[in-house]
Amino acid sequence: MRIVAADTGGAVLDENYNPIGLIATAAVLVEKPYRTAKISIVRYSNPFDYDLSGRQALKDEAFLALKLAKKVKPDVVHLDSTLGGIEIRKLDDPTIDALRISDRGKAIWHSLRKDLQPLAKKFWEETGIEVIAIGKESVAVRIAEIYAGLYSVKWGIEHGLEKGFIRIGLPRYMKVEVKDDRIFGESLDPREGGLYGELLIEKKDFGWQVYPNPIARTFMVFEIRV
Amino acid sequence: MRIVAADTGGAVLDENYNPIGLIATAAVLVEKPYRTAKISIVRYSNPFDYDLSGRQALKDEAFLALKLAKKVKPDVVHLDSTLGGIEIRKLDDPTIDALRISDRGKAIWHSLRKDLQPLAKKFWEETGIEVIAIGKESVAVRIAEIYAGLYSVKWGIEHGLEKGFIRIGLPRYMKVEVKDDRIFGESLDPREGGLYGELLIEKKDFGWQVYPNPIARTFMVFEIRV
Amino acid sequence: MRIVAADTGGAVLDENYNPIGLIATAAVLVEKPYRTAKISIVRYSNPFDYDLSGRQALKDEAFLALKLAKKVKPDVVHLDSTLGGIEIRKLDDPTIDALRISDRGKAIWHSLRKDLQPLAKKFWEETGIEVIAIGKESVAVRIAEIYAGLYSVKWGIEHGLEKGFIRIGLPRYMKVEVKDDRIFGESLDPREGGLYGELLIEKKDFGWQVYPNPIARTFMVFEIRV
Ligand SMILES: [Mg+2]
Ligand SMILES: [Mg+2]
Ligand SMILES: [Mg+2]
């Protein structure tokens, strides 16, 4: 099975370790044995001007996933919304009302589906590929999350080299290491069976540190100081 | 404390990684230090003709656990239903209604108890051994789950050698390795403190692979191809 | 960020692995990189005369945390109650009623706040340091929990040397090792990013064992036999 998935993650943190805004949306192509991405692409946000309360992330993820899917023609596209694997093109209002999710979740999807349903329907009509809301059940979505963390660190290195310092909150239970010209990241949850990712970067000289976010257990911080 | 426990697990998967039917019920005898089974027995189902929606598993588990318990006379028998450790022989209808579980759980137990309560009561009268519904709190139940996975792999090897290919979904966060004449399995959750199991098999030549189930995060797949 | 946190843990277990009473409350000072304590202090309870149903623990934790905080002047004090990081000094009755917690949780806090709110308010007026209810989100609270386990083992060694045997239930997913004149403990959850602690003890000769509590999955038992 060839899967395209997308997720958003990595946040600039303030001095009290609270998130200011999200950094990166990543889309990945994942193939058997489903442990890392064969291809990844990124779309950066402006973390210093980000509406954390909004629902922009899932839209960005859908658009970026379809951009990659158009190129690599996977068997299926996975989005990070845990609705039991339902096809997005079938999400009309009565179907949303019948979902076993919270009222708040329903309100969000009544609004989201205005953009996402036509998008998924058109993509399915043109390619036969389904876009499904599978969320945390998907290994591919988790790999996209790890890549969102890797791209956030890549952005952080560039930002830090310019400004002298940056503190980034990584996605849930993952760690990263900078080795010469590569950023290596992996899940800290062994139950996931060894998920990881890697990005090439330009080799530069700087100090970095990874440590637990003191106010968000199981989340790590990446910090760079030049 | 000497504990007998039983659980069902391991599923034949279709080409989309969805379960077709369950493979094995295992009963185990677990003794201090509670990391593996001293004795294990198995009862195989027909995964190609299995009612996944049914409640057959827990009945199979109770019968198999009592079969082993009659032989090894443990201090207690653990079943995989998380009801806070209540004695099955005491599960009459008013007691079930008073449990803090969902209405669906109550309906299931009103039906299940017709078989299980008399069974547990008779066993307790004859032996003084309690059969309790402790479920996910029990380390012995988890070890039975790991053995259900091991027996499923053993079945899968035989089936695969005959048919050329089989894909099996293992129980939650466990991995297996085939080494010469043994199948070794262990929990992928280090919080469980190192639970594992082992089965002897006839040494044969075949290729196998273990990797994450892409649509069921924290579940691994075992695949054999001859 | 310099954090003082406190937690209670470690229980004497009976022969069926059920808790009789809690052993130790620990307060810790945690500094960047937030993986262990720089300073720790302890207050022992009498586990053989302990009201497990009571709410004494959180009061003990608040008093011990403030005792340490008065000395080391941290930036913030973390208590083990998961209320989203709300300041204890602001917990008046209408605020408690507006919390998104269970009715039972509200009843407990209506009673608890009579002691804790004036305490936190006075401390804040004198020092400017906030005492917050952050609970399981806090890495510092988890480190305090690990130290409560270490102090429980220290108590257990002394008790065991005197009485010949003791069985202690450690806090959730942590293990301990006794090495000459040190007790080393660490989290078994790698998602936490490597949390650990260490206590010095007098070097003595005794046998000890750590193994899973068979009726409390993810909890380990420490046992000493002389
Ligand atoms: Mg997401
Ligand atoms: Mg089961
Ligand atoms: Mg606590």
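Residues numbered from 1 in each chain as written. Chains lettered and ligands numbered in written order. Predicted model: local features only at pLDDT ≥ 70, side-chain atom pairs only at ≥ 80, totals over all residues. Heavy atoms only, no water.

(A) Structural context of the coordination of the magnesium ion (ligand 1). Residue and element names in this part refer to chain A. All of the protein donors around the magnesium ion (ligand 1) are D7 (OD) and D80 (OD); their distances to the metal are 2.0 to 2.2 Å. Residue D7 is located in strand β1 (residues 3–13), and its partner D80 is located in the loop between β4 (76–79) and β5 (86–87); the two are separated by 73 residues in the primary sequence. Of the residues examined, D7 reaches a relative accessible area of 3% and is grouped as buried. Using a relative accessible area of 30% as the deciding quantity, one classes D80 as partly exposed. (Donors = N, O, S within 2.8 Å, 3.2 Å for Na, K, Ca; no water. Helix = DSSP H or I, 4+ residues; strand = E, 2+ residues; numbered from the N terminus. Buried < 20%, exposed > 50% of the residue type's maximum accessible area, 1.4 Å probe, protein only.)

(B) Examining the pattern of salt bridges more closely. All names here are of chain B. In this structure the tally under the stated criterion is 63 salt bridges over all chains. With a closest N to O distance of 3.0 Å, D115 and K59 form a salt bridge. Residue D115 is found in helix α3 (residues 103–127), and its partner K59 is found in helix α1 (residues 56–72); the two are separated by 56 residues along the sequence. Its relative accessible area of 36% is what places D115 among the partly exposed residues. (Salt bridge = Lys/Arg side-chain N within 4 Å of Asp/Glu carboxyl O.)

(C) Local environment of the interface of chain A and chain B. The partner chain B presents 22 residues to the 21 residues of chain A that form the contact. Both sides together, the interface formed by chain A and chain B hides about 1600 Å², and carbon and sulfur atoms give 59% of it. Here chain A is connected to chain B by two salt bridges. Counting every contact that joins chain A to chain B gives eight residue pairs in polar contact (both at pLDDT 80 or more). Each residue belonging to the side of chain A that touches chain B can be placed in one class, and the counts come to ten nonpolar, four polar and seven charged. (Contact = heavy atoms within 4.5 Å. Buried area = accessible area lost by both parts, 1.4 Å probe. Polar contact = N/O pair within 3.5 Å; in protein donor to acceptor, adjacent residues only side chain to side chain. Nonpolar A, V, L, I, M, F, W, Y, C, P; charged D, E, K, R; others polar.)

(D) Representation of the pairing of strand β7 (residues 165–172) of chain C within the structure. Residues and elements named next belong to chain C. Most of β7 is tucked away: six of the eight residues are buried. In the sheet, β7 pairs with strand β12 (residues 219–225) via six bridges, with the strands oriented antiparallel. Directly across from R167, in β12, lies its bridge partner E223. (Pairing = 2+ DSSP bridges.)

(E) Structural detail: the relation of the copies chain C and chain A. Mapping chain C onto chain A leaves a residual RMSD of 0.0 Å; the transformation is a rotation of 120° accompanied by 0.0 Å of translation along its axis. Here the symmetry operator amounts to a three-fold rotation axis. Comparing contact sets, just 10% of the residues at the interface of chain C also lie at the interface in chain A, consistent with a heterologous contact between different surfaces. (Least-squares fit on C-alpha atoms with pLDDT ≥ 70 in both.)

So far we have only geometry, and geometry alone does not tell us how the molecule works.
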